[in-house]
Amino acid sequence: MSNVKVEKIRQHYDAIAGIYDIHYDRPRGRCYHTHISTHVMDALPKGGRLLDIGCGTGLFVEKYVKKGGTAIGIDISRNMIKKARVRCPGSLFTLGNGDGLPFCDDSFDAVSSLLVFTYLKDPQAMLDEAYRVLKPGGSISICTLGKKLLTSGIPAIYQISEKIRVSHVVMKDFGERYYDENEMYRMFADAGFCDISVSWCSFAHIDMIDPLFSLAQRVEPFIERRIPQLAYNICVDAKKPRD
């Protein structure tokens, strides 16, 4: 992803920061975000010190803190950071990106990243940085759109929606790149992580209309368990080896 695309992402999220949370405050949005958040949360230590990469308005930071942990969020959008500070006044938020984290080695018990990985200019650098700032034995969990038939047409949809000026918080052509199980496993292993687990979640999409969303939600547990090929978010959990 070029520097032009990164700047486009920053400008877009700066522009929609004021309405971003509406997307996830509606019933479908709450269900969707809670579902992926639960998967990430379950893979991380409770009550630890978390770094959330691409924290947005602090949705996941808020959930982690409510579970008894402490958290720091980092995002490239200044306006999203401002919203996060209002949502989570007791947490710290900083401007920046994942491939150059402004934190010391061995600083965090956990690293999370939700719905961000496909935007990264250099995902391997982000994983290398996440490994560096994690304490030995620390955990990382990410969830993002994965590479498969169901997602292969998304870039074209985003390009069309941008040309016809569809008003949507995420329907923009950012030049995302999607990854499959083997690519994810290799990147995490190259960064040094161990106990790598790759799975798929999400069949009920936030942009589905009712009653389609309600139907998809009912069958979602079965899809994820028995037909993961139909789920579209790839989830990767791993650990930094202990000394």
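Everything numeric in this text was worked out from a predicted model, so none of it was measured. (Residues numbered from 1 in each chain as written. Predicted model: local features only at pLDDT ≥ 70, side-chain atom pairs only at ≥ 80, totals over all residues. Heavy atoms only, no water.)

> Now, about the packing of helix α2 (residues 27–42) against helix α8 (residues 212–226): what can you tell me, with residues and values included?
Running from N to C, α2 and α8 cross one another at 10°; their axes reach a closest spacing of 12 Å. Comparing the axis directions of α2 and α8 gives the class roughly parallel. Each of Arg28, Cys31 and His35 in α2 lies in contact with α8, whose residues at this interface are Phe213, Gln217, Glu220 and Glu224. When its residues are assigned to classes, the contact of α2 with α8 shows two nonpolar, two polar and three charged. (Axes fitted to C-alpha atoms, helices over the stretch in contact; angles between N-to-C directions. Helix = DSSP H or I, 4+ residues; strand = E, 2+ residues; numbered from the N terminus. Parallel < 35°, antiparallel > 145°, perpendicular 65-115°, else oblique. Contact = heavy atoms within 4.5 Å. Nonpolar A, V, L, I, M, F, W, Y, C, P; charged D, E, K, R; others polar.)

> Residues and numbers for the nonpolar core, please.
Formed by 33 residues in total, the largest nonpolar core has its most connected members in Tyr13, Tyr20, Leu44, Leu50, Phe60, Tyr64 and Phe93. For this core, the leading source of residues is helix α1 (residues 3–25), giving six residues. Setting aside anything within four residues of it in sequence, one finds leucine 44 in contact with Leu50, Phe60, Tyr64, Ala110, Val111, Ser112, Ser139, Ile140 and Ser141. If you look at the next biggest cluster of nonpolar residues, it comprises 30 residues, including Phe108, Val133, Ile140 and Ile142. (Core = buried A, V, L, I, M, F, W, Y, C linked by side-chain atoms within 4.5 Å. Buried < 20%, exposed > 50% of the residue type's maximum accessible area, 1.4 Å probe, protein only.)

> Could you give an account of the packing of aromatic side chains, naming the residues involved and the relevant values?
According to the stated counting rule, one finds seven aromatic pairs in the structure shown. Relative to tyrosine 179, the ring of phenylalanine 117 has its centre 5.6 Å away and its plane inclined at 70°; by these criteria the two rings are edge-to-face. You can see phenylalanine 117 sitting in the loop between β4 (108–114) and α5 (123–133) and its partner tyrosine 179 sitting in the loop between α6 (154–163) and α7 (181–191), a full 62 residues away along the chain. Residue class for phenylalanine 117 comes out buried when judged on its relative accessible area of 1%. Ring centres of phenylalanine 188 and phenylalanine 193 lie 5.7 Å apart, and the angle between their planes is 45°; this geometry places the pair in the tilted category. Owing to a relative accessible area of 0%, phenylalanine 188 belongs among the buried residues under this scheme. Here a set of aromatic residues connected by ring pairs shows up, and it is made of Tyr13, Tyr20, Tyr24 and Tyr119. The side chain of lysine 240 reaches across the aromatic face of tyrosine 131, ending 4.8 Å from its centre. (Phe/Tyr/Trp six-rings, centres within 6.5 Å; stacked < 30°, edge-to-face > 60°. Lys NZ or Arg CZ within 6 Å of the ring centre and 35° of its normal.)

> Quick rundown of the packing of α5 against α7? Include the residues and the values.
With their axes 9 Å apart at the nearest point, α5 and α7 run at an angle of 45° to one another. Regarding the angle of α5 to α7, the classification is oblique. Note on packing geometry: the crossing formed by α5 with α7 is right-handed. For the pair α5 and α7, the contacting residues are Pro123, Gln124, Leu127, Asp128 and Tyr131 in the first and Met187, Phe188, Asp190 and Ala191 in the second. In the contact of α5 with α7, the residues fall into six nonpolar, one polar and two charged. (Left-handed = near helix turned anticlockwise from the far one by under 90°.)

That's the geometry; what it means functionally is another story.
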